[in-house]
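What the coordinates show
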Amino acid sequence: MPTRILLEGRPGAGKTTALRRLAALLPTRAATGFTTEEIRQSGARVGFALETVAGRRQVLAHVDLPGPPRVGKYGVDLGVMERLALPSLRPAAADEAQGRLVLIDELGRMELACTAFRDAVEALFAAEVDVVATVHAHRDPFTDALKRRTDIEVVHLTPANRDALPGELASRLQQPGHHEGPG
């Protein structure tokens, strides 16, 4: 059974950093997916960029984007989800992708505003691939349903465990086909 982990933490807990460290610790795994990163101007957060594991990067959300949708003060460019995020996930949902590792940062309101992304995530969690996805601690119907699934392990990222956690997860995910259960 593939490993399916939701890395849950509060905003600013270090979820993106932990996921990037995990990817760096697994250079031999065939990984796909994406991370997000804050865009700052003069010390203030003004948006978010999405970057694929393969290195493609675009602005996902920004205070200057009109939307729709809007999430808080940010307009979200759902086209970025279509152009970058979805193609980075699709190879892993295909039958020939058994043994792949998919990294998703994150299952948040901006990303989940894209229906095709939600569908792709559901397909990934049904495929024979390892998935590590970051998720906010706040309640959301989509992520709450994932957190309740018995085949998905929820790992809480905290200041106390955030430095050690990427290494611990990497050792579990070191080789495809490891078939370890939650624990």
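Remember, predicted model here, so these are calculated numbers, not experimental data.

Spatially, nine strands are ordered β5-β6-β4-β3-β2-β7-β8-β1-β9 in an open sheet, and the strand pairing comes out mixed. A single partner strand is all that each edge strand has here, and the edge strands are β5 (70-71) and β9 (153-156). Where strand β1 (residues 4-9) meets β9, four bridges bridge the pair, whose relative direction is parallel. Opposite I5, over in β9, you have E153 as the bridge partner. Strands in contact with helix α1 (residues 15-24) are β1, β2 (31-41), β3 (44-52), β7 (101-104) and β8 (130-136); relative to β2, the strand with the most contacts, it is inclined by about 140°. Sheet strands in contact with helix α4 (residues 115-124) are β2, β7 and β8, and its direction is about 145° off that of β7.

Quick look at the packing of α1 against helix α6 (residues 165-173) now. Remark: α1 packs on α6, axes separated minimally by 9 Å, with the N-to-C direction vectors making an angle of 40°. As summarised for this structure, α1 and α6 are arranged oblique, according to the angle between their axes. Relative to α6, the crossing made by α1 is right-handed. On α6, the residues touching A18, R21 and L22 of α1 are P166, L169, A170 and L173.

Further remarks concern the nonpolar core. Soluble globular proteins tend to pack their nonpolar side chains together in the buried interior. In this structure, I104, L107 and F117 are the most contacted members of the largest nonpolar core, which totals 34 residues. No other element matches helix α2 (residues 78-93), which puts six residues into this core. In contact with F117, other than residues within four places in its own chain, are F34, M81, L86, L89, I104, E106, L107, E111 and L112. Ranked by size, the runner-up nonpolar core spans 16 residues in total, among them L19, L26, V132 and L157.

With that settled, the discussion passes to the packing of aromatic side chains. By convention here, two paired aromatic rings are described through the distance between centres and the angle between planes. All chains considered together, the criterion is met by two aromatic pairs. Measuring from centroid to centroid gives 5.4 Å for F48 and Y74, while their planes differ by 75°, and the two rings are edge-to-face. Pair noted here: F48 is in strand β3 and Y74 is in strand β6 (residues 74-76), with a separation of 26 residues, a long-range link.

All right, on to the pairing of β3 then. Relative to β3, β2 runs antiparallel, the two sharing eight bridges. Within β3, the position partnered with E37 by the bridge is A49. Linking β2 to β3, which pair antiparallel, is a turn of two residues; within it S42 sits at a positive phi near 50°. Of the strand pairs in this sheet, β3 and strand β4 (residues 57-62) are connected by five bridges, and their pairing is antiparallel. Opposite G47, over in β4, you have H62 as the bridge partner. Connecting β3 to the next strand, β4, in antiparallel fashion are four residues, including G55 with a positive phi near 100°.

Procedures and definitions
- Residues numbered from 1 in each chain as written.
- Predicted model: local features only at pLDDT ≥ 70, side-chain atom pairs only at ≥ 80, totals over all residues.
- Heavy atoms only, no water.
- Pairing = 2+ DSSP bridges.
- Helix = DSSP H or I, 4+ residues; strand = E, 2+ residues; numbered from the N terminus.
- Contact = heavy atoms within 4.5 Å.
- Axes fitted to C-alpha atoms, helices over the stretch in contact; angles between N-to-C directions.
- Parallel < 35°, antiparallel > 145°, perpendicular 65-115°, else oblique.
- Left-handed = near helix turned anticlockwise from the far one by under 90°.
- Core = buried A, V, L, I, M, F, W, Y, C linked by side-chain atoms within 4.5 Å.
- Buried < 20%, exposed > 50% of the residue type's maximum accessible area, 1.4 Å probe, protein only.
- Phe/Tyr/Trp six-rings, centres within 6.5 Å; stacked < 30°, edge-to-face > 60°.

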